[in-house]
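# Structure assessment
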Amino acid sequence: MITTQNFALNALSTGSIAGTVLGNGNPAQPVQGATVAVVGSSLSATTAADGTYTLNNVPFGTHTVRMTSPGYATLSASVTVDGAETQDFAPSAVPDYVVGDGGDTCSVEFAWIDATVGGSAHNLADDAYTAVTLPWAFTFYGNNYSTLYISSNGFVSFGQGYSKWHGIVPFEGAPNNQIIGLGEDLNPEYGTQGVIYTKNLGDGRFVVQYHQVQHWASGYPETFQIILNNNDDSIVVQYLIVSWPDFANAGIENANGSRGIQYSYANNLPLTPGLALKYTPFTGQAPACQTAVAPALQISKSGNDLTLSWLHVSPNQKYQVWRAAAPYFDPGLGQGTLLGTLNAVAGTMTYPDPGRAGDPPDFYLVRGWVVGEPSGPSNRVGEFSFPLTPGD
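Residues numbered from 1 in each chain as written. Predicted model: local features only at pLDDT ≥ 70, side-chain atom pairs only at ≥ 80, totals over all residues. Heavy atoms only, no water.

### Observations concerning the state of the cysteines
Overall, the coordinates contain one disulfide when judged by the stated rule. The disulfide partner of Cys-106 is Cys-289, and the gap between their sulfur atoms is 2.1 Å. On the S-S bond that ties Cys-106 to Cys-289, the torsion sits near -85 degrees, and the link is left-handed. Here Cys-106 is found in the loop between β8 (95-100) and β9 (120-122), whereas its partner Cys-289 is found in the loop between β20 (276-283) and β21 (297-302), with 183 residues between them in sequence. (Disulfide = S-S within 2.5 Å. Helix = DSSP H or I, 4+ residues; strand = E, 2+ residues; numbered from the N terminus.)

Spelled out as structure tokens, the structure:
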């Protein structure tokens, strides 16, 4: 015998939570890009440019709502929902960092500094660390430090030294207050399997270079460096030789493990030779990391000579000039010929291409360039840019 039982389901009553996130300053500034979430659920929203947010479909009842944002303290509030509720947040600004790995104004070009020349050698044992005195006090997460602790396992720290590494940041457990270049179980074995060098460049920069340091027990040497810049408190990490990053991590973390950046964990994102990471400090609203912009290109002709011109567009650092025989070419697909790369200057920029007017026609475009990455193509110019005249 089959018994049928019907159920009448009542939809769960829901409401909404809306509000504004304003930094606790004078005057208060809207916090853009903050995350406001209902703890224990998948409900979250991101604040708009004016700091506003809305959470819809929030079940009736009492919930913990949490606001998080780079550069601001995390805040939580208990909100009872039985309709449309309002919850504002006024977080205090705190020291934080943004990381750039190329292609924007928060990044730097890879430029290796060989600290083995004129540097001091440190022959560490497995799972060991040493302390070095910095040439100046370095500010890290808002605190000043004059001593740097160098671990054999691919990271440096402030406040105290650590012999072991941990793959997750941020994390409350040790180690903390750290800059992780390539965190792994490395084993320099008293200098027989790699040496760590330090070097004061004398221009406000201090380099810690892990030179051919092998993994435990041996093999797979790694060469990378951590550069402290006292001029702007930024940190650059560069990778020259990467042999076995499969279980490595890279990032930074504050003194109590409550805040940090996990750039890579288990090589996701990949750590590769030629990679340069820049950690830039800020407090409050994060800086805008701008990418390259394509300029508006013009062309002029004098006899058989052609001249390209365009106005410099911020934040471009360089410009690439490209030429092809067909108008709709794309350098990103390997099409066209790179004629030259020009450093950006304010105002109008020009590029002459003498003797190229006439048949067969040529076509041109220009790409902006910021830290290793181009913009999309500019408008194309060429023979079709000129009016037809009798005799052409």
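### Thoughts on the packing of aromatic side chains
Taken as a whole, this structure holds 15 aromatic pairs when the rule is applied. Pairing Phe-110 with Trp-112 gives two aromatic rings, centres 6.3 Å apart and planes at 25 degrees, and the pair type is stacked. Among the aromatic residues, those joined into a cluster by ring pairs are Tyr-97, Trp-136, Phe-138, Phe-140, Tyr-141, Tyr-145 and Phe-158. For Lys-301, the ring lying beneath its charged end belongs to Phe-386, and the centroid distance is 4.7 Å. (Phe/Tyr/Trp six-rings, centres within 6.5 Å; stacked < 30°, edge-to-face > 60°. Lys NZ or Arg CZ within 6 Å of the ring centre and 35° of its normal.)

### Observations concerning the sheet that holds strand β14 (residues 195-200)
The antiparallel open sheet is built from seven strands, whose spatial order is β8-β20-β17-β16-β15-β14-β9. The open sheet has two free edges, formed respectively by β8 and β9, since each of these has just one partner strand. Taken over all neighbouring pairs, the strand axes of this sheet differ in orientation by 20 degrees on average, direction set aside. Of the strand pairs in this sheet, β9 and β14 are connected by three bridges, and their pairing is antiparallel. Looking at the pairing, Ser-120 lines up with Thr-198 of β14. (Pairing = 2+ DSSP bridges. Axes fitted to C-alpha atoms, helices over the stretch in contact; angles between N-to-C directions.)

### Overview of the nonpolar core
The biggest cluster of nonpolar side chains holds 37 residues, and the ones touching the most others in it are Phe-140, Leu-148, Ile-179, Leu-228, Ile-235 and Tyr-239. What Leu-148 contacts, discounting residues up to four positions off in sequence, is Thr-130, Ala-131, Val-132, Leu-134, Val-156, Ser-157, Phe-158, Phe-206, Val-208 and Leu-228. (Core = buried A, V, L, I, M, F, W, Y, C linked by side-chain atoms within 4.5 Å. Buried < 20%, exposed > 50% of the residue type's maximum accessible area, 1.4 Å probe, protein only. Contact = heavy atoms within 4.5 Å.)

### A few points about the environment of Thr-147
Its location among the elements puts Thr-147 in strand β11 (residues 143-151). By relative accessible area, Thr-147 is classed as partly exposed at 27%. Residues Thr-147 and Ala-131, spaced 16 residues apart in sequence, show a C-alpha to C-alpha distance of 6.6 Å. Not counting residues up to four positions away in its chain, the partners in contact with Thr-147 are Ala-131, Val-132, Ser-157 and Phe-158.

### As for the sheet that holds strand β19 (residues 260-265)
The strand order across the open sheet formed by six strands is β10-β11-β12-β13-β18-β19, and the pairing between neighbours is antiparallel. At either end of the open sheet lies a strand with only one pairing partner, and these are β10 (129-140) and β19. Between one strand axis and the next, the sheet turns through 15 degrees on average, direction left out of account. Bridge count between β10 and β11: eight bridges; the pairing is antiparallel. Each bridged residue has a counterpart across the sheet, and for Tyr-129 the counterpart in β11 is Ser-151.

### What to know about the pattern of salt bridges
Opposite charge on two side chains makes pairing possible when the charged atoms of those side chains draw close. According to the stated counting rule, one finds five salt bridges in the structure shown. The partner of Lys-164 in a salt bridge is Asp-127, with the nearest N and O atoms 2.9 Å apart. Here Lys-164, found in the loop between β12 (155-157) and β13 (178-183), pairs with Asp-127, found in the loop between β9 and β10; they are 37 residues apart in sequence, far enough to count as distant. Two residues, Asp-353 and Arg-323, come together in a salt bridge whose shortest N-O distance is 2.7 Å. (Salt bridge = Lys/Arg side-chain N within 4 Å of Asp/Glu carboxyl O.)

### Re the pairing of strand β16 (residues 222-229)
In terms of burial, β16 is largely enclosed, as eight of its eight residues are buried. Residue alternation in β16 divides its side chains into two sets, Glu-222, Phe-224, Ile-226 and Leu-228 and Thr-223, Gln-225, Ile-227 and Asn-229, and both sets are buried. One ladder, built from seven bridges, connects strand β15 (residues 205-213) with β16; its direction is antiparallel. Looking at β16, one finds that Val-213 is bridged to Glu-222. For β16 and strand β17 (residues 234-241), the ladder comprises seven bridges, and the chain directions are antiparallel. Counted as the bridge partner of Ile-226 is Val-237 from β17. Between the end of β16 and the start of β17, which pair antiparallel, lie four residues, with Asp-233 showing a positive phi angle near 65 degrees.

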